[in-house]
Amino acid sequence: MSEVSGNQLNRDTRALLARVPAVERVLSSAQAQPLIDEYGRTQVVDAIRAAADSLRRDLLAGTTFDESFSLETKLIDDASRTLAARARPHLRAVFNLTGTVLHTNLGRALLPDEAVRAVIEALTRPMNLEFDLATGSRGDRDDLIDELICELTGAEAATVVNNNAAAVLLTLSALASKKEVVVSRGELVEIGGAFRIPDIMSRAGAKLREIGTTNRTHLKDYDEAINARTALLMKVHCSNYAIEGFTKSVSVDEVAQLAHARGLPMAVDLGSGTLVDLAQFGLPTEPTVRETVEAGADLVTFSGDKLLGGPQAGLIVGRAELIRKIKKHPLKRALRVGKLTLAALEPVLQLYRAPELLRERLTTLRLLTRPAVDMQEQASRLQAVLQRTLGEAYSVTAEPMMSQIGSGALPVDQLPSFGLAMRNAAGKRGGRALMKLEEALRALPRPVLGRIADDALRLDLRCLEAADEATFVAQCAELRI
Ligand SMILES: *Cc1c(COP(=O)(O)O)cnc(C)c1O
């Protein structure tokens, strides 16, 4: 390269770069002020600087800009987009149209308004979390809620921790450390992610004493396993699978009777915390916490955010002397719940005092019991909207579907529902087209999550309540495939 053309290049480059407005000038423009008011000067300076750097690179790469276009406005627009994107929370609302009501990856139970109001109060005001208003002295956070839990479950005492995995870990640590716990091989479950009964058992320092076989366990298996090192007989609810065919398991009351005859306590990990008989709502029957306590279990652990319909929590109920021991264990302090959980849990539990109103007020139950005809009407309303949005490349049909309760509750039973099925109109290479459509739905301002099955992308409408339908329809216009 000759010296002349080198200088020419430098001159051209300098001329190009001179077009990039100075950051200080952009900052003092009227257009920058609203950004500074919203995000603060530091962030705006960084964003404008980054926009200017990128503009410089574009200019050097030969990108041309319309001469009538103000580069100052371009920097402001770019910075504004960057700032908005950075400020958007990573935890966001989505539409759960997967058909799974209690979806662990989507946050499980949705809370009723009563709980929402209580959480706002707890977030913004001092609370008597550990302060006894009657005596003016220090209180215990469990006291706020344990009477209500006992009233609803028939148990003598109760305590609450972060989730049910924590409830099981704490129970085993407090009662069975360095001792043996007898569990049927048919109940050594893994519940999604990292919760496996054998692992929790060893983390708690307890020795798992497996009995029976995968499909059959008899009372005599429990009886023969008991020895001087046995701390506990335990039953675990087979939340997310069912054993069918040639099977035998021993009921809670039989195991409890045996435990008591041998001077041992008996614990049940119930998984879902069902407080009422679900059959009265037309749902499949699940053992309730009260039935389990009445059957003789000395301790029962269950989740707050599964069928109970409350916030993430693990409840432990049972005999007062055992709960006392559990509460005294050092792990209790590490696993305890915060005020937001307690604030949300109490009003949800209160709803159970009015069983006639539960179906309407408890969001989870309302969703689980929504009649299929509701979803069917909704599907025919939305079919046309979605078909118009998607054009000819896809066909949209309203179809019956099956929803699931989710979160390991009642894995076998499914709930009749209705929804929209979208198929690639060309028929061929449907898989790729469906993935693209699924991606586009996920990219919406409030992402729409469905399920691909049998060459169709399916949106089960069970969890799209009337209050949200307008938002769903409005954002369809923003779909980009
Ligand atoms: C869901 C479940 C757990 C774990 O409960 P989390 O509240 O998710 O920690 C433990 N045991 C059983 C039987 C379950 O169904």
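It should be emphasised that the depicted structure is a prediction, and the values quoted were computed from it without experimental measurement.

A.B. asks: What am I meant to see in the site of the ligand here?
C.D. replies: Neighbouring the ligand are the residues Arg108, Asn163, Asn164, Ala165, Ile191, Phe195, His237, Ser239, Asp269, Gly271, Ser303 and Lys306. Taking Asn164, its main chain carries an N or O atom lying 2.9 Å from an oxygen atom of the ligand. A distance of 2.8 Å is found between an oxygen atom of the ligand and a side-chain nitrogen or oxygen belonging to Lys306. If you list the elements that add at least two residues to the shell around the ligand, you get helix H8 (164-176) and strand E10 (266-271). Residues that form the shell around the ligand fall into these classes: three nonpolar, six polar and three charged.

A.B. asks: What am I meant to see in the UniProt feature "domain: L-seryl-tRNA selenium transferase N-terminal" (unreviewed entry) in the protein here?
C.D. replies: The feature "domain: L-seryl-tRNA selenium transferase N-terminal" (unreviewed entry), as annotated in UniProt, sits at residues 17-56 in this numbering. Along residues 17-56 one finds 75% helix and 0% strand; the C-alpha atoms at either end are 6 Å apart.

A.B. asks: Looking at this model, I keep getting lost on the packing of aromatic side chains. Mind explaining?
C.D. replies: For any pair of aromatic rings, the description rests on two quantities: the centre-to-centre distance and the angle between the ring planes. Per the stated rule, a full pass over the model turns up one aromatic pair. Here Phe95 and Phe472 contribute two aromatic rings whose centre-to-centre distance is 5.6 Å and whose plane-to-plane angle is 85°, an arrangement assigned as edge-to-face. Of this pair, Phe95 sits in strand E1 (residues 95-96) while Phe472 is found in helix H20 (residues 466-476), placing the two residues 377 residues apart along the sequence. Across this residue pair, the class does not change: Phe95 and Phe472 are buried.

A.B. asks: Hey, could you run me through the packing of helix H4 (residues 41-60) against helix H5 (residues 71-87) in this one?
C.D. replies: For any two helices packed against each other, one specifies the inter-axial angle together with the distance between the axes. Put simply, H4 and H5 touch, their axes get as near as 8 Å, and they point 125° apart. Judged by the inter-axis angle, H4 sits oblique to H5. By crossing handedness, the relation of H4 to H5 is classed as right-handed. Counting all contacts with H4, which are made through Gln43, Val44, Ala47, Ile48, Ala51, Ala52 and Leu55, the residues of H5 involved are Leu71, Lys74, Leu75, Ile76, Asp78, Ala79, Leu83 and Arg86. For the contact of H4 with H5, the per-class residue count stands at eleven nonpolar, one polar and three charged.

A.B. asks: Is there a simple way to explain the nonpolar core in this structure?
C.D. replies: One recurring pattern in soluble globular proteins: nonpolar side chains tend to sit buried together. By size, the foremost hydrophobic cluster in this structure holds 61 residues, and its most contacted members are Leu233, Met266, Phe302, Val317, Leu349 and Tyr352. Taken domain by domain, the makeup of this core includes at least three residues from each of domain 2 (95-104 + 367-476) and domain 3 (113-361). Every residue in contact with Val317, bar those within four places of it in the chain, is listed here: Ile149, Thr153, Ala155, Ala157, Ala158, Val289, Val293, Asp298, Leu299, Val300, Phe302 and Ile323. Ranked by size, the runner-up nonpolar core spans 33 residues in total, among them Leu172, Ala206, Leu208 and Leu322.

A.B. asks: Just checking my understanding: could you explain the sheet that holds strand E9 (residues 230-236) for this structure?
C.D. replies: Consider a sheet: its strands pair through backbone hydrogen bonds, and that pairing is either parallel or antiparallel. Strand order in the open sheet made by the seven strands is E4-E12-E11-E10-E9-E5-E8, with mixed pairing throughout. Strand pairing shows two members of the sheet lacking a second neighbour, strand E4 (157-161) and strand E8 (207-211), which therefore form its edges. Taking each pair of neighbouring strands and ignoring which way they run, the sheet shows an average axis angle of 25°. As judged from the five bridges shared by strand E11 (residues 299-303) and strand E12 (residues 314-318), these two strands associate in the antiparallel manner. Looking at E12, one finds that Phe302 is bridged to Leu315. Taken strand by strand, H8 contacts E4, strand E5 (180-184), E9, E10, E11 and E12, and its axis lies near 155° from that of E11.

A.B. asks: Quick question: what am I supposed to make of the UniProt feature "modified residue: N6-(pyridoxal phosphate)lysine" (unreviewed entry) in the protein here?
C.D. replies: In this numbering, the UniProt entry assigns the feature "modified residue: N6-(pyridoxal phosphate)lysine" (unreviewed entry) to Lys306. Residue position: Lys306 is located in the loop between E11 and E12. Ignoring any residue separated from it by four or fewer positions in sequence, one finds Lys306 in contact with Leu102, Arg108, Ala109, Ile191, Gly271, Ser272, Thr364 and Ser407.

A.B. asks: How should I be thinking about the domain arrangement of the protein in this particular structure?
C.D. replies: One frequently used descriptor of interface size is the decrease in accessible area upon assembly of the parts. When its domains are assigned, the protein resolves into domain 1 (6-87), domain 2 (95-104 + 367-476) and domain 3 (113-361). Domain 2 and domain 3 are separated by 34 Å when their C-alpha centres are compared.

Scoring rules and cut-offs
- Residues numbered from 1 in each chain as written.
- Predicted model: local features only at pLDDT ≥ 70, side-chain atom pairs only at ≥ 80, totals over all residues.
- Heavy atoms only, no water.
- Near = heavy atom within 4 Å.
- Polar contact = N/O pair within 3.5 Å; in protein donor to acceptor, adjacent residues only side chain to side chain.
- Helix = DSSP H or I, 4+ residues; strand = E, 2+ residues; numbered from the N terminus.
- Nonpolar A, V, L, I, M, F, W, Y, C, P; charged D, E, K, R; others polar.
- UniProt positions renumbered as here; feature names shortened; annotations may be inferred.
- Phe/Tyr/Trp six-rings, centres within 6.5 Å; stacked < 30°, edge-to-face > 60°.
- Buried < 20%, exposed > 50% of the residue type's maximum accessible area, 1.4 Å probe, protein only.
- Axes fitted to C-alpha atoms, helices over the stretch in contact; angles between N-to-C directions.
- Parallel < 35°, antiparallel > 145°, perpendicular 65-115°, else oblique.
- Left-handed = near helix turned anticlockwise from the far one by under 90°.
- Contact = heavy atoms within 4.5 Å.
- Core = buried A, V, L, I, M, F, W, Y, C linked by side-chain atoms within 4.5 Å.
- Domains from an automatic or database assignment.
- Pairing = 2+ DSSP bridges.

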